[in-house]
Each structure stands twice: as C-alpha cells, then as structure tokens.
Amino acid sequence: MIRKIDETAEYIRQCVGGRVMPRIAVVLGSGLGLVADRIKNPLTIPYAGIPNFVRPTAIGHKGNLIVGSLGGKDVLAMQGRFHYYEGYTMQQVTFPVRVMARLGVKTLFVSNAAGAVNPTYRVGDMMVITDHINLLPNPLIGPNMDEFGPRFPDMTTVYSTRIRQIAIEQAGLMGETLQQGVYVAGTGPTYETRAEYRYYAAIGGDAAGMSTIPEVIVARHCGMEIFGMSIITNQSNDLSETCLNDGDDVVRQANLAAEKMSTLFERIIANLPVTA
Ligand code: HPA
C-alpha cells in the first residue's frame, strides 16, 4: 500500500513540476465540481492517467485533480470523489487522501450533497459539518499504517472549530446564514426510507449522505485539519406522501448552490492564516 501511495505521489509531483505543492486540498462532491472553475492558473491532471486511482462513476462527478490558486493560496482540488457504493473498497475510496498527506497537504476541505434530516433545514441551505456519525465501514480497519498515524485515532474533535469560525464570519459578510450540524453517512446507493430518516434524526443527525466520512477519518488519521460542508439538496425531512428522492434532482440542486459555496470556500481560504 505504501509503495502504491508513493508511486502515485511521485506521479503527481512530476505533473506539478516547478509549481508549489499545495498544502490545502479540496474534495468536491456531487454537483459541486463547479468550484474548480474558480481555480486560477489551473493545471488539470485527469484521474485516468494517475496510477492507482480508480474512476468516479457517480453522476455529477468529473475525474480530475486540479492544482492552482483559490483565494490567493495554492490548492489541490479533487473534482469528483469515489464512493463505497460504486463498489470500491474503503482503501480505494480513501487512497487520494493518503496521497495528499504524502504530498504535504495539511488542511482538507470536503463538500457533499446531503438530504435534510433536521426539520428546520431547507433545500439550498449550506451546512457546516460540526461532527459526524459513521454508518459505513471504517476505512482504518486492517493493519495500521504507523507512518501516517496511530492505531486508535482520536475522533472527539474532527472538524476544525477555527475554520468553522472563519466560515461563519465570511458567510455573514455574504449575507448568508449557515446551518451547523451532524452529518450521517450510510453506504447507499439507496436513499433512506422514511423510518431510516427518522432513525437518523433520533440518533442526532441533521443531514444524510453517502460519502465524506471515509476521507475525513483517513485525513484525521494523517493529522490534517478538516473543514466540511454539506449542501442540502433534498427535503428528506418532508414526510408527505408526494416527497420522493431522485439523484438527478440532487445534482441539480447541488449545482444551484455551487456558486455560493465556491464563493464561500474561496473567502475562507483567503482568510485562512498561513501556518508554518
Ligand atoms: N440521503 C443520502 N445521501 C444523499 C441524500 C439523502 O437524502 N441527498 C444527497 N445525498
């Protein structure tokens, strides 16, 4: 595994060439790949050419790594991610995060499309992820990669409170209010039954999804600082008979919110203190 991680990191290092290797990475979820259009001076590295990377098959996911500048800082963006429901192993899903760690990435921004579980949430809301509940297999199961982190990593403080504070301030300046809540992820690919949405609410969830937590767990294992955001794309808290979930609609709603999320990400990154 380590040999594969190094091989991939070396390939990316060669593609990046003389440019600065970013210390900030951004994972763009369903319908949110548009954020990549904001990246200045972009260098696009298609996943298809990257050794040991698999291909995203999910709707609304392109397959590119993009290196460039966002908010005046160097970033590495993943335009499209891998999901467990695509049939990939947890190791394949989280492989890019290991490579990022090897390349020197210290801060990870993750985004996703999610269903509202909290009854006060509306389609189009942006939710800062304050915590998560993982109902997917844990990606750290198996021999521990001691070079990256401990066998039993702490998960009491996963999402950066410092970056969350910057996000709230910047959203306020944009005239936007952010929801703050707990993201729950199951395997998918089915959307939840009504009983499952009620279960998610009962266990403390605010938004439902099928991604993000695997990458976040591995990033935490690697000691990265993490900021996560969900775009609420469907009113799964609407328990009326006419309410149905549909993947195309989820991508459409995420696309509609991508512009404001891009602006927010750009502003957060611009206001992120440069660390040593
Ligand atoms: N459930 C799970 N994943 C999702 C949802 C949902 O309601 N919306 C977008 N991704």
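Quick note: structure is the one above.
Residues numbered from 1 in each chain as written. Predicted model: local features only at pLDDT ≥ 70, side-chain atom pairs only at ≥ 80, totals over all residues. Heavy atoms only, no water.

Student: Can you lay out the environment of T187 for me, pointing to particular residues and giving the numbers?
Tutor: Locating T187 in the fold gives a position in the loop between β7 (179-185) and α4 (194-202). Given the relative accessible area of 32%, T187 is considered partly exposed. For T187 and G209, which are 22 residues apart along the polypeptide, the C-alpha to C-alpha distance reads 8.5 Å. Residues within four places of T187 in sequence aside, it is in contact with Y84, Y85, L136, P137 and M210. (Helix = DSSP H or I, 4+ residues; strand = E, 2+ residues; numbered from the N terminus. Buried < 20%, exposed > 50% of the residue type's maximum accessible area, 1.4 Å probe, protein only. Contact = heavy atoms within 4.5 Å.)

Student: Please give an account of the site of the ligand that cites residues and values.
Tutor: Close to the ligand lie 13 residues, the nearest being G115, E192, Y197, G209 and N234. Here a nitrogen atom of the ligand sits 3.2 Å away from a polar atom, N or O, in the main chain of G115. The side chain of Y197 places a nitrogen or oxygen atom 2.7 Å from an oxygen atom of the ligand. Burial of the ligand by the protein chains amounts to 96% of its free accessible area of 260 Å². Listing elements by their share of the shell around the ligand, those giving two or more residues are β5 (107-116), β8 (207-209) and β9 (225-234). Per-class residue counts for the shell around the ligand are seven nonpolar, five polar and one charged. (Near = heavy atom within 4 Å. Polar contact = N/O pair within 3.5 Å; in protein donor to acceptor, adjacent residues only side chain to side chain. Areas by Shrake-Rupley, 256 points an atom, 1.4 Å probe, with all protein chains shown as cover. Nonpolar A, V, L, I, M, F, W, Y, C, P; charged D, E, K, R; others polar.)

Student: Which residues make up the pairing of strand β4 (residues 73-79), and what are the values?
Tutor: Taken across its seven residues, β4 has six buried, putting it largely inside the fold. Pairing of strand β1 (residues 24-28) with β4, which is carried by five bridges, proceeds in the parallel orientation. Bridge assignment links V26 to a residue of β4, and that residue is A77. Of the pairings in the sheet, the one linking strand β3 (residues 64-70) to β4 comprises seven bridges and is antiparallel in character. (Pairing = 2+ DSSP bridges.)

Student: I'd like a rundown of the pattern of salt bridges, residues and numbers included.
Tutor: All told, the structure shown has nine salt bridges when counted by the stated rule. With its nearest N and O atoms 4.0 Å apart, the salt bridge here joins E266 to K40. Pair noted here: E266 is in helix α6 (residues 247-270) and K40 is in strand β2 (residues 40-46), with a separation of 226 residues, a long-range link. On the accessibility criterion, K40 (52% relative accessible area) is exposed. By sharing partners, the salt bridges in this structure join R38, K40, E259 and E266 into a single network. (Salt bridge = Lys/Arg side-chain N within 4 Å of Asp/Glu carboxyl O.)

Student: Lay out the packing of helix α2 (residues 90-103) against helix α5 (residues 213-221) in plain terms, naming residues and giving numbers.
Tutor: Viewed as axis vectors pointing N to C, α2 and α5 meet at an angle of 50 degrees, and their least axial separation amounts to 9 Å. With respect to each other, α2 and α5 are oriented oblique. Taken as a pair, α2 and α5 cross one another with a handedness that is right-handed. Counting all contacts with α2, which are made through M90, V93, T94, V97 and R98, the residues of α5 involved are P214, E215, V218, A219 and H221. Here the contact of α2 with α5 is composed, by residue class, of six nonpolar, two polar and two charged. (Axes fitted to C-alpha atoms, helices over the stretch in contact; angles between N-to-C directions. Parallel < 35°, antiparallel > 145°, perpendicular 65-115°, else oblique. Left-handed = near helix turned anticlockwise from the far one by under 90°.)

Student: Which residues make up empty space enclosed by the protein, and what are the values?
Tutor: Under the criterion given, the structure shown has one cavity of 30 Å³ or more. Taken as a whole, the largest cavity encloses approximately 30 Å³ of empty space. Surrounding the largest cavity, R81, F82, H83, Y84, V93, L136, M210, S211, T212, P214 and E215 form its lining. Tallied by class, residues from the lining of the largest cavity come to six nonpolar, three polar and two charged. (1 Å grid on protein atoms, 1.4 Å probe; cavity = no way out; pocket = protein on both sides within 12 Å on 5 of 7 lines; lining within 4 Å. Points joined across faces, edges and corners; volume = space filled by probe spheres on them.)

Student: Explain the environment of P143 to me, and be specific about the residues and the numbers.
Tutor: Structurally, the position occupied by P143 is in the loop between β6 (126-134) and α3 (161-173). Separated by 56 residues in the primary sequence, P143 and Y199 place their C-alpha atoms 32 Å from one another.

Student: Talk me through the side chain of H132; I want residue IDs and the actual numbers.
Tutor: If you trace the backbone, H132 turns up in strand β6. Note on H132: relative accessible area 13%, which makes it buried. For H132, the side chain forms a polar contact with the side chain of Y159, separated by 2.8 Å. Those residues in contact with H132 that lie beyond four places of it in its chain are V158, Y159, V182, Y183, I213, V216 and I217.

Student: I'd like a rundown of α3, residues and numbers included.
Tutor: Along an α-helix, a turn takes 3.6 residues, which lines up residues three or four apart on a common side. With 13 residues, α3 extends 19 Å between its outermost C-alpha atoms, agreeing within 8% with the 18 Å of an ideal straight helix rising 1.5 Å per residue. Here α3 has its buried residues at I163, R164, I166, A167, Q170 and A171. Angular distribution of buried residues about the axis of α3 spans 160 degrees; they occupy a single face of the element. Along α3, the residues that are exposed and aim more than 90 degrees away from the buried face are T161 and L173. Contacts made by the buried residues of α3 are with β5, β6, β7, β9 and α6. Its side-chain oxygen placed 3.4 Å from the backbone nitrogen of R162, S160 serves as the N-cap of α3. Downstream of α3 by a residue or two, G175 has a phi angle that is positive, lying close to 80 degrees. (Expected span 1.5 Å × (residues − 1). Arc of directions from axis to C-beta.)

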